[in-house]
Structures are given as C-alpha cells and as structure tokens.
Amino acid sequence: MAVSVRVRIAPSPTGFAHLGTASTALYNVLFSRQNQGTFVLRIDDTDMERNRPEYEALIYDSLRWLDLGWDEGPDHGGPFAPYRQSERLDIYKEEAARLLKDEKAYRCYCTPEELEAERREAQMQKRPYKYSRRCLTTPPPGRTVFAVRFKVPGGEVTFTDMVRGHMKFDADLIGDFIIVKSDGYPTYQFASPVDDARMKMTHVIRGEEHLSNTPYQLMLIDALGYERPTAYAHMPLILAADGAKLSKRKHPESNLMLFKEQGYLPEALINYLALLGWNPGTEQEIFTFDELVRTFSFDRVQHAGARFDWEKLNWINGEYIRKLDDDELASRLQPFVPNLDPAIIKRAVPPLKTRMHKLAQAVDYLDYLWTDPPPPALDSATAERVRAAINVLKDVAWEPEPIEAALEKAVSESGVGKGKFYTPLRDVLTGKKVSLPIHYAFALLPKEKALSRLEQAA
RNA sequence: GGCCCCGUCGUCUAGUGGCCUAGGACGCAGCCCUCUCAAGGCUGAGAUCGCGGGUUCGAAUCCCGCCGGGGCUACCA
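The model shown is predicted, which means the values in this text are computed figures rather than measured ones.

Conventions and cut-offs
Residues numbered from 1 in each chain as written. Chains lettered and ligands numbered in written order. Predicted model: local features only at pLDDT ≥ 70, side-chain atom pairs only at ≥ 80, totals over all residues. Heavy atoms only, no water. Axes fitted to C-alpha atoms, helices over the stretch in contact; angles between N-to-C directions. Helix = DSSP H or I, 4+ residues; strand = E, 2+ residues; numbered from the N terminus. Parallel < 35°, antiparallel > 145°, perpendicular 65-115°, else oblique. Left-handed = near helix turned anticlockwise from the far one by under 90°. Contact = heavy atoms within 4.5 Å. Nonpolar A, V, L, I, M, F, W, Y, C, P; charged D, E, K, R; others polar. Pairing = 2+ DSSP bridges. Near = heavy atom within 4 Å. Polar contact = N/O pair within 3.5 Å; in protein donor to acceptor, adjacent residues only side chain to side chain. Disulfide = S-S within 2.5 Å. Expected span 1.5 Å × (residues − 1). Buried < 20%, exposed > 50% of the residue type's maximum accessible area, 1.4 Å probe, protein only. Salt bridge = Lys/Arg side-chain N within 4 Å of Asp/Glu carboxyl O. Core = buried A, V, L, I, M, F, W, Y, C linked by side-chain atoms within 4.5 Å. Right-handed = clockwise from strand over helix to strand, strands pointing away. Arc of directions from axis to C-beta.

Caption draft 1: Structural view of the packing of helix α17 (residues 418-430) against helix α19 (residues 447-457). Interaxial distance between α17 and α19 falls to 9 Å at its minimum, and their mutual angle equals 110 degrees. Between α17 and α19, the angle falls in the class roughly perpendicular. When you trace α17 past α19, the crossing you get is right-handed. Residues Leu-425, Val-428 and Leu-429 of α17 form the contact with α19, whose participating residues are Ala-450, Arg-453, Leu-454 and Ala-457. When the residues that make up the contact of α17 with α19 are grouped by side-chain class, the tally is six nonpolar, no polar and one charged.

Caption draft 2: Local environment of the sheet that holds strand β3 (residues 105-108). Pairing in this open sheet of three strands is antiparallel, and the strands run β3-β4-β7 from one edge to the other. Only two strands of the sheet have a single partner each, and these edge strands are β3 and β7 (178-180). Strand-to-strand twist of the sheet, defined as the mean angle between neighbouring strand axes without regard to direction, takes the value 45 degrees. Note: strand β4 (residues 147-150) against β7, two bridges, orientation antiparallel. Each bridged residue has a counterpart across the sheet, and for Arg-149 the counterpart in β7 is Ile-178.

Caption draft 3: Main features of the protein's contact with RNA strand B. Taken together, 62 residues form the shell around RNA strand B, and within it Asp-47, Asn-279, Thr-354, Arg-355 and Lys-418 come nearest. Contacts to RNA strand B include Glu-209, whose backbone N or O atom sits 3.4 Å from a sugar or linking oxygen. Listed by contribution, the elements that provide at least two residues to the surface near RNA strand B are β6 (165-170), α6 (188-198), β11 (306-307), α11 (310-323), α17 and α18 (438-444). Of the residues assigned to the surface near RNA strand B, the class counts are 24 nonpolar, 17 polar and 21 charged.

Caption draft 4: Representation of the state of the cysteines in the model. Under the counting rule described, the total for this entry stands at zero disulfides. Here Cys-135 stays free of any disulfide, with the sulfur of Cys-110 as its closest cysteine sulfur at 3.5 Å.

Caption draft 5: Spatial organisation of the packing of helix α15 (residues 380-394) against α17. At a closest axis distance of 10 Å, the pairing of α15 and α17 adopts a crossing angle of 85 degrees. The pairing of α15 with α17 is recorded here as roughly perpendicular in orientation. Residues Thr-382, Arg-385, Val-386 and Ala-389 of α15 form the contact with α17, whose own contacting residues are Lys-420, Phe-421, Pro-424 and Leu-425. Taken together, the residues that form the contact of α15 with α17 break down as five nonpolar, one polar and two charged.

Caption draft 6: Layout of helix α1 (residues 19-34). Its 16 residues place the ends of α1 23 Å apart at the C-alpha level, agreeing with the 22 Å of an ideal helix rising 1.5 Å per residue. Taking burial as the measure, the 16 residues of α1 include 13 buried ones, the bulk of the element. Trailing α1 by a residue or two, Gln-36 shows a phi angle of about 50 degrees, which is positive.

Caption draft 7: Layout of the pattern of salt bridges. Tallied over the entire structure, the rule returns 35 salt bridges. Between Asp-102 and Lys-101 there is a salt bridge, with its nearest N and O atoms 3.7 Å apart. Its relative accessible area of 36% is what places Asp-102 among the partly exposed residues. With a relative accessible area of 67%, Lys-101 lands in the exposed category. When salt bridges that share partners are traced, they join Arg-8, Arg-42, Asp-44, Arg-88, Asp-195 and Asp-196 into one network.

Caption draft 8: Just the nonpolar core, in detail. If you look at the biggest cluster of nonpolar residues, it comprises 100 residues, and the most contacted ones within it are Leu-366, Leu-393, Leu-425, Phe-442 and Leu-454. With eight residues, α1 is the largest single contributor of residues to this core. The contacts of Leu-393, once residues within four sequence positions are left out, are Trp-398, Ile-403, Ala-406, Leu-407, Phe-442, Lys-447, Leu-451 and Leu-454.

Caption draft 9: Up close: the side chain of Ser-435. Here Ser-435 lies in the loop between α17 and α18. Beyond its immediate stretch of four places on either side in the chain, Ser-435 contacts Tyr-365, Arg-426, Thr-430 and Ala-441.

Caption draft 10: How the structure looks around the pairing of strand β2 (residues 38-41). Alternating residues of β2 divide into Thr-38 and Val-40 and Phe-39 and Leu-41, and every residue in both groups is buried. Summarising the sheet, strand β1 (residues 6-9) and β2 pair through four bridges and their orientation is parallel. Looking at β2, one finds that Arg-8 is bridged to Val-40. Handedness of the crossover is the feature at issue here: the chain leaves β1, passes through α1, returns alongside β2, and the resulting connection is right-handed.

Caption draft 11: Focus on helix α3 (residues 89-101). The end-to-end C-alpha distance of α3, which contains 13 residues, comes to 18 Å, matching closely the 18 Å that a straight helix rising 1.5 Å per residue would cover. Within α3 the residues assigned to the buried category are Leu-89, Ile-91, Tyr-92, Glu-95, Ala-96 and Leu-99. The buried residues of α3 all sit within an arc of 160 degrees when viewed along its axis, so they share a single face. Those residues of α3 that are exposed and aimed more than 90 degrees away from the buried face are Asp-90, Lys-93 and Lys-101. Looking at the packing, one finds that the buried side of α3 touches β3, β7, α6 and α7 (214-224). Glu-103 lies just past α3 and shows a positive phi near 60 degrees.

These figures come from the coordinates and say nothing about function on their own.
This is the structure in structure tokens:
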C-alpha cells in the first residue's frame, strides 16, 4: 500500500495572516484532496521577538474564512502533536544534542560583531562568504554563550521539485549555518526540516523563496537519519505591482482580513489565487473548488512570479457576486450594512447585484437610506419638476414598477428628458450623482421619508 | 559579490520546431442598450515573443553569450 500523502503549511505568527499563506494553503489543500491526503497546520513560532498569540488566531480566522480547513493542527491536535514549534523545544534540543554527539554539529561562541566582521572581510576581498569554522577548529576559551552550528557536509544535494523537475545544488558553497540560537530556540532552517521529517510529511509545497533553503534542510534530514519527503513543490511568488515579493512589511494590502472587510468573496479569492501562477491549459477562468481539485496539477504551474492584479480579482469577484442567488447575496451583504433591515437588503439586491465588484460597495449605494443628504438648492423650473414628481408619487403603490410608471408619466408631461428630470431627484433623494435606478432608489426608502426629502427641496 | 529561479500584449497567461499574419482573460477605447452607474452585446487598439549570435528549409519554441527582474545567502521565517 502506498504511503498516504501528508502535506503542511507552516506559517509563523509574526503579523497579520497574509495572501501568500492563503495561496500556499490552497495548493496544499488541492494536492491533499486529490490524493485523499492529510493537510497539517503547523505554527512556526520560533521567533521570540516577533511572535504574538493573537497573530496565530488571525491565521485560523483567515484560513477558515477561505474554507481551507486542516486535518491536524494546534487547535485540535493530531497524532504528531504538538503542532506549535514553541511547544516542541525539547525535540529540537534532543535532535541538536544528537548532532552534537555525532560531531555533525558544534558549538559556536562567536559574537554577532565577530561574525559581522568576518562577513565584511570576505566582502572586501570579494570572496563569497562562508563561516570560517573558527569555533570548530579553535574555539575561543572562556566563553559560555553559544549557538549551535551544523557542520555542512558539502557535496551535491539533489531533489525532485514537482514544478521544476530535478534540482541540483552544490553544498560546498554553503557555510556552516546556525541551527540553535543562543537563546536556545531552533532556527527555522532547523526546526522546519526536523518537523517535516518527524511529522512524516510526504510532500512539501511552499513558496519559491524556500527553493534555495531546501538543500540546507535536506542535509539536516539526512544527518539526522530521517527519511526525506518524496518531493517538494516550490510555487511561484506573488508579486506586488512593483515586481517585488509581496511582503507583510511593505505591502499591508496583502492582509487577508482586509479582503474580507472589503467584501471579497472567499470563493472568488480562491479562484483568483488558483489562477495566479497556474492555468488549466483551457480557456476556463471560473472554477468551483471541486473543479480546481479535479484539474489542478503541478506540471502546469508557472515558474515565474506573478503580479497580483486587483482589477482581475475585482472582475472575478463581480462574477461570483452576480452568480449568487438573491437570498444568499442578501445574507452576505448584511454585515456590510448592519443597520439595515434584512427585508430592505433583500429588496435592494436585484438592482445592486450587477453594480458591485465587492460587497462593501453596497454602502455607497445604500447609505442614503440611513443618512439624510443635505437638501440642494434648486432653481424654480427644477423645483417645479420636483413638485410634479411629488404629485404623481403621492398616491402610488410604493414598489419599483408603479413608481417607475408614475415617474415616466411625469417625465412625459414635463417637456424635458428623463435625464434632466431624474438627475435632481437623485440628488435630492441620495445626495449623489450615481445611484441605483431612480425607481429603486425611491422604493427602498420609506414613502414618507422619500416624499419629505422631495418636499423639503421643492 | 556567490548560488538558484525566471523573462510572450499594461497585467495574468496559451504556446514544447511548421496549425502563429502569436490565441484567451482582465484592463483600455468606440458603438449599442440606457435616468446615473453598472451589467450585457458588438467592434477595436495593444506583444518585432528581453537582446545578440548560432542550429535548421523553417524558432516564441533547441544551443551559446549578454542584459534585466526576483529569491536565497541572518543567532527572520
């Protein structure tokens, strides 16, 4: 029997949950589903300085919002618990001790300043920098603070990448790197492969920024005597408009919660993310999740980074909004217009549906319902027409169709065109130049309120 | 600096030697529809396939060089 697929994402809680995490999670879930595998969420919180528990909660919330659920994770455990690296410190200690005992690692007493000096020296001599191995050969006496360095065996490291094929790295170019920091915490470069191996990951699917890290991690897995994952997949990076990697620091717009707040539909974001860096080879652009599971494959993944295009996301989101049935759209709209009665939202949906790229735009169309616009100053001829509108509206049933019919009658009697007739009405009613079609704008507002706005202006 | 990855319309991409006068989508422009804004329909502009050399009857597709972008090279992850 084949070993069942196990994949993971390993975000670190050092800030808001970010787009790249969602993208990586998506590909992991897709691959896991295709193989009836297990999707693991591991929290890589070994950065004492930057980790915060509330950031971990943000990761959960964002992933759940996107419906990218995990089978094993810190919140509900699993056979390889714990899933938070800060709770696995004993494991890393034990593994580091093994390496030390086998002389595959050694203590390094160098200070950051000394290392910095080494690096500068190398740079001045225009020589590629590698740690000098001073502490391997001649450790400075009398020091107690140390980090642990891995003694890089060198040679050639090869592995299979599901998107790029066979990869080959020259490990002679890699210097001895630190696996345990002087505060006793493991580095990412150490904890990650240890956990991948011990948690029996069969495939590691992650962003391309980790491609060059892979030989480091493979050497460690080998040195520890663990079995290597059967394959890696390094996904193209999501780039910002300037072509640089989307980062938390430089690109606050990559915050997943912001997408939710603006009213992007999770399924639309998923669809867009799937298409960023991958394509099915057909002209299909809109996919259900199941279709993605069926058609996704690593051999059609792009090798180059892809810029995040808000315009295209907006289009896809609009497509999804238009496809929602009215009740569903109404309930998704509710959080964006919390002070509106659900019945009113339902009535607003049909005219609203084709006018939004994101749900938050509903506010622009509907806020006149709870905010009185300032009554505009009208010239006498215009005021006359507003009065004509009041006249026909007064006795009409307060529904879009009868309102429209009444208004059309008033227009034809007024001697001016619809545009000239409706524009001031829109202004009086909503205070805006753009609104829903005028009969809807009227019908959504209580009749007395609508007429009183008209009367005040006339 | 060293190593690695990458380079087709503004953007995401199709393309694996002849089907390419390079296809699609978003965006953009025009027209139609129309009370505004959308949605929808139609039409259109937009890429000498980063550059230069080869190989070949024939190259976006293969080879070499260069240039450009990105990533890694941390006691960040």
